[in-house]
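Structure assessment
Now for the letters of each chain:
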Amino acid sequence: RINGQKENRLQRMLYPKPETLKPPRTDVLTVSPWLAPIVWEGSFNTEILNNQFRQKGWRVGLTTFAIKKYIRFLKPFIETAEKFFMVGLPVNYYVFTDQASNVTDLNIIVGTGRQIIILEVPSYERWQDVTMRRMQMISDVCQQRFASEVDYLVCVDVDMRFQDHVGVEILSDVFGTLHPAFFVKGRDKFTYERRPESQAYIPEDEGDFYYAGGYFGGKVEEVYKLTNHCHHAMLTDKANNIEAIWHDESYLNSYFLYNKKPTKILSPEYLWNEMDGTAFYLRKIRFIALQKNMAEVRT
Ligand code: UDP
Ligand code: MN
């Protein structure tokens, strides 16, 4: 975007000097072997990041899907995002749904500079198809409208609640999120797709992290590449009568691994589970998966 490329100097800022021999976090990994930062509370200064972000005039889109019964999660999802997600910055909420008028009827109020955009999409019979087809639907809209309306996309599940700060520190060319159930586990415990016939195949002796399917994003162009890649990998598998074990999450993991892709990685602060309690290394729990009756909500 041309007018997002201004190179004016930033306004003067006063803050403590970073100390080379005193890293703010010594209890957790804060950088990957390919030098992608892993975002933990304490490792960044929101004020510096916001200053830079505003100066560039960047815009953020938050995508989510509320299909069939999952529409019940939408209102609390957006209402908590209003309190914690990119506060003070313009945000477009892109809601993909099969029930546009029901979304309108929810009457969700958002602040100035923020708006809800409803994108009507088809629903699928199987819940696996509902989650996997997100890749196709996001990639379709990347070229249609995301490219002209926003600079960054954040793509998340809807069965979630924000409960602490999530800001521009998450943004990067392409980011992924450590799955809360796997980040302290060994490769052998990762639930990657293990059948070589699948496009999502990852052998036992490979893999860096196990990324969550429900939280990724980046620049629109990178999100397009990611979602388009995953969608086509799924189509190839479908033609070969195979479906990866954890659906879109499996394809996402192989895309990240084989492209050494995430340029930034979100710690489990950004994706936690209601039932997991807390842990000493978690200074904040920002975004939390709600408990749900899987059998009931998916049928
Ligand atoms: N989803 C939906 N309707 C469905 C199934 C899934 O809208 O019937 C969307 C919704 O955004 C949901 C996401 O797909 O958060 C992923 O599904 P789910 O949350 O059930 O997966 P889990 O987090 O349990 O792995
Ligand atoms: Mn979910």
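Refer to the structure printed above.
The structure presented is a predicted model; accordingly, all values stated were derived computationally and were not measured.

Side note on the packing of helix α5 (residues 220-239) against helix α6 (residues 248-259)
Taken N-terminus to C-terminus, the directions of α5 and α6 make an angle of 120°; their axes are 9 Å apart at the nearest point. In this view, α5 runs oblique relative to α6, as classed from their interaxial angle. Seen along the crossing, α5 lies across α6 with a hand that is right-handed. Contact residues: E222, K225, L226, H229, C230, A233, M234 and D237 in α5; D248, Y251, L252, Y255 and F256 in α6. Along the lines of polarity and charge, the residues of the contact of α5 with α6 split into eight nonpolar, one polar and four charged.

Re the side chain of S267
The residue S267 is located in the loop between β9 (264-266) and β10 (272-273) in this model. The class for S267 is buried, based on a relative accessible area of 0%. At a separation of 2.7 Å, a polar atom in the side chain of S267 contacts the main-chain carbonyl oxygen of V39. The residues touching S267, leaving out its near neighbours within four places in the chain, are I38, V39, W40, T177 and L178.

Details of the coordination of the manganese ion (ligand 2)
Distances from the manganese ion (ligand 2) to its protein donors, D157 (OD), D159 (OD) and D159 (OD), fall at 2.1 to 2.5 Å. Judged by its relative accessible area of 5%, D159 is buried.

Remarks on the site of ligand 1
The immediate surroundings of ligand 1 are formed by 14 residues, with F65, I67, Y70, D159 and K292 found nearest. Considered on its own, ligand 1 offers 520 Å² of accessible surface; in the complex 85% of this is hidden by protein. Of all the secondary-structure elements, those providing two or more residues to the shell around ligand 1 are β2 (60-66) and α4 (127-149). Residue composition of the shell around ligand 1, by class: seven nonpolar, one polar and six charged.

Overview of the sheet that holds strand β11 (residues 287-289)
Taken in spatial order, the three strands of this open sheet run β6-β11-β10, and their pairing is mixed. Every interior strand has two partners, whereas the edge strands, β6 (160-162) and β10, have only one. Pairing analysis gives three bridges linking β6 to β11, with the strands arranged antiparallel. By the bridge assignment, F162 is partnered in β11 with F287. Contacting β6 and β11, helix α2 (residues 74-84) runs over the sheet at an angle of about 25° to β6.

Re the environment of H232
Along the polypeptide, H232 turns up in helix α5. Here the alpha-carbon distance between H232 and Q136, two residues 96 residues apart in the chain, equals 8.4 Å.

Quick notes on the sheet that holds strand β5 (residues 152-156)
Ordered by their spatial adjacency, eight strands build an open sheet running β1-β9-β7-β8-β5-β2-β3-β4, and the pairing between neighbours is mixed. Two strands lie at the open edges of the sheet, namely β1 (38-39) and β4 (114-120), each paired on one side alone. Strand contacts of α4: β2, β3 (91-97), β4, β5 and β8 (215-219), with the helix running at about 145° to β3, the strand carrying the most contacts.

Topic: the pattern of salt bridges
Under the definition given, this model contains 25 salt bridges. For the salt bridge of K75 with E79, the shortest nitrogen-to-oxygen distance reads 4.0 Å. Pair noted here: K75 and E79 are both in helix α2, with a separation of four residues, about one helical turn. Under the relative-accessibility criterion, K75 is labelled partly exposed at 30%.

Re unusual backbone geometry
The backbone of L35 shows a phi angle near 65°, a positive value even though the residue is not glycine. Within the secondary structure, L35 is located in the segment before β1. Assessed through its relative accessible area of 69%, L35 is described here as exposed. You will see that K68, though not glycine, has its phi angle at about 50°, which is positive. Note on K68: relative accessible area 30%, which makes it partly exposed.

What counts and how
- Residues numbered from 1 in each chain as written.
- Chains lettered and ligands numbered in written order.
- Predicted model: local features only at pLDDT ≥ 70, side-chain atom pairs only at ≥ 80, totals over all residues.
- Heavy atoms only, no water.
- Axes fitted to C-alpha atoms, helices over the stretch in contact; angles between N-to-C directions.
- Helix = DSSP H or I, 4+ residues; strand = E, 2+ residues; numbered from the N terminus.
- Parallel < 35°, antiparallel > 145°, perpendicular 65-115°, else oblique.
- Left-handed = near helix turned anticlockwise from the far one by under 90°.
- Contact = heavy atoms within 4.5 Å.
- Nonpolar A, V, L, I, M, F, W, Y, C, P; charged D, E, K, R; others polar.
- Buried < 20%, exposed > 50% of the residue type's maximum accessible area, 1.4 Å probe, protein only.
- Polar contact = N/O pair within 3.5 Å; in protein donor to acceptor, adjacent residues only side chain to side chain.
- Donors = N, O, S within 2.8 Å, 3.2 Å for Na, K, Ca; no water.
- Near = heavy atom within 4 Å.
- Areas by Shrake-Rupley, 256 points an atom, 1.4 Å probe, with all protein chains shown as cover.
- Pairing = 2+ DSSP bridges.
- Salt bridge = Lys/Arg side-chain N within 4 Å of Asp/Glu carboxyl O.

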